[in-house]
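Spelled out from the first residue to the last, the chains are:
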Amino acid sequence: KRIYKSSSQTWITSESFKPFLVNMGCVDETIRYIPNYFSPSNSYNPQIAKENLIPISKYRILFAGNVGKAQGLDTLVSIAEEAKSNDITNFAFCIIGDGSFKANLIDMIKKAGVEEYFWFHDPVPMTKISEFYVQADAFFYSLIKNDSIQRTLPGKVSEYMQYGKPIITDCGGESKIVLDKYGGGIFFENVSEALEKIQRLISGSHTMPINMEYVKNTFSKESVMEKIEDAIEEVMSSSK
């Protein structure tokens, strides 16, 4: 608290941290929101050749990154089970990456008998992942329910947003704040609702367009660097 109170400015990467910091002694007017920018190495490029990297003819819902327990990917198995029980087979979850939960996830899929709903790929370099992103129809993003984690905005959210495609998620907190603000979030609270919204996406009856201009102005490297420069200049001016 002493450090926070003595700071000329406090920078936060998630707006959800602001009430927490004010409670810790920060002066509201000294807090600056400076988000993480999406990496230029995997930024959207409309000129990317669409080689058939995801050989799936169904609606492709993609997750890329660490396959850990915190990512909440066991939810996908439950959605697939619900789809199978309703004879719905028009989509597949495409998972790119590795992690401590991957073997468990594959085992859960086999035990549930829903292999047809999943497609796995080994980790892909950051310079290559955008080629997979352009072939996805939608993205999936989830986190375990934890107050501290929910206050953060993982880079994956802004990374997905720049592709202008639906982001299917059960997240609250900062992720919901950002997706509500810029668009793109397809929220669900239970498995049945997730399946129903996936079907609406496939049929074209459910859309959630993303304001790409706002995304660029908030999360591009150039925009974030400008915010940092402005914040530093403000501190320097006030200290004179």
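Residues numbered from 1 in each chain as written. Predicted model: local features only at pLDDT ≥ 70, side-chain atom pairs only at ≥ 80, totals over all residues. Heavy atoms only, no water.

Colleague: Summarise the overall build of the chain; cite the residues concerned and give the values.
Modeller: When helices and strands are counted, the chain shows 11 helices and eight strands. Its C-alpha radius of gyration of 20 Å places the chain within 12% of the 18 Å reference for a compact globule of 240 residues. With 240 residues in all, the chain has 44% of them scored as buried. (Helix = DSSP H or I, 4+ residues; strand = E, 2+ residues; numbered from the N terminus. Rg over C-alpha atoms; globule rule 2.2 N^0.38 Å. Buried < 20%, exposed > 50% of the residue type's maximum accessible area, 1.4 Å probe, protein only.)

Colleague: Outline the sheet that holds strand β8 (residues 185-187), listing residues and values.
Modeller: Hydrogen bonds between backbone groups are what pair the strands of a sheet, and the pairing can be parallel or antiparallel. Spatially, β5-β4-β3-β6-β7-β8 is the arrangement adopted by the six strands of the open sheet, whose pairing is parallel. With partners counted over all chains shown, the strands left at the sheet margins are β5 (118-121) and β8, one partner each. Here the strands of the sheet are splayed against their neighbours by 30 degrees on average, with no regard to which way each runs. The pairing of strand β3 (residues 59-64) with strand β4 (residues 91-96) spans six bridges and is parallel. Paired with arginine 60 across the strands is alanine 92, a residue of β4. Lying over the sheet, helix α3 (residues 74-85) contacts β4, β5 and β6 (138-141), oriented at roughly 160 degrees with respect to β4. Along the sheet, helix α8 (residues 173-182) contacts β6, β7 (167-169) and β8; its crossing angle with β8, the most-contacted strand, is approximately 125 degrees. (Pairing = 2+ DSSP bridges. Axes fitted to C-alpha atoms, helices over the stretch in contact; angles between N-to-C directions. Contact = heavy atoms within 4.5 Å.)

Colleague: Summarise the nonpolar core; cite the residues concerned and give the values.
Modeller: Counting residues in hydrophobic clusters, the biggest one holds 60 residues, and the most contacted among them are Ile61, Leu62, Phe91, Phe118, Phe132, Met161 and Ile168. Every residue in contact with phenylalanine 91, bar those within four places of it in the chain, is listed here: Lys58, Tyr59, Ile61, Ile79, Ala83, Tyr117, Leu195, Ile198, Gln199 and Ile202. (Core = buried A, V, L, I, M, F, W, Y, C linked by side-chain atoms within 4.5 Å.)

Colleague: Quick one: what's the story with a negative patch on the surface, residue by residue and with numbers?
Modeller: On the surface, a cluster of negative charge is made up of Glu222, Glu226, Glu229, Asp230 and Glu233. Following the sequence through the fold, glutamate 222 ends up in helix α11 (residues 221-238). (Patch = residues over 30% accessible without salt bridge, like charges linked within 9 Å, V, L, I, M, F, W, Y side chains within 5 Å. Areas by Shrake-Rupley, 256 points an atom, 1.4 Å probe, with all protein chains shown as cover. Salt bridge = Lys/Arg side-chain N within 4 Å of Asp/Glu carboxyl O. Lys, Arg positive; Asp, Glu negative; His and termini not counted. Charge placed at Lys NZ, Arg CZ, Asp CG, Glu CD.)

Colleague: Can you break down helix α10 (residues 212-219) residue by residue, with the values?
Modeller: Of the positions making up α10, those classed as buried are Val215, Thr218 and Phe219. Along the long axis of α10, the arc covered by the buried residues comes to 75 degrees, so they all point the same way. Each element contacted by the buried residues of α10 is listed here: β2 (31-33), α7 (155-161), α8 and α11. (Arc of directions from axis to C-beta.)

So, to be careful, I would describe these as geometric facts and stop short of saying anything about function.
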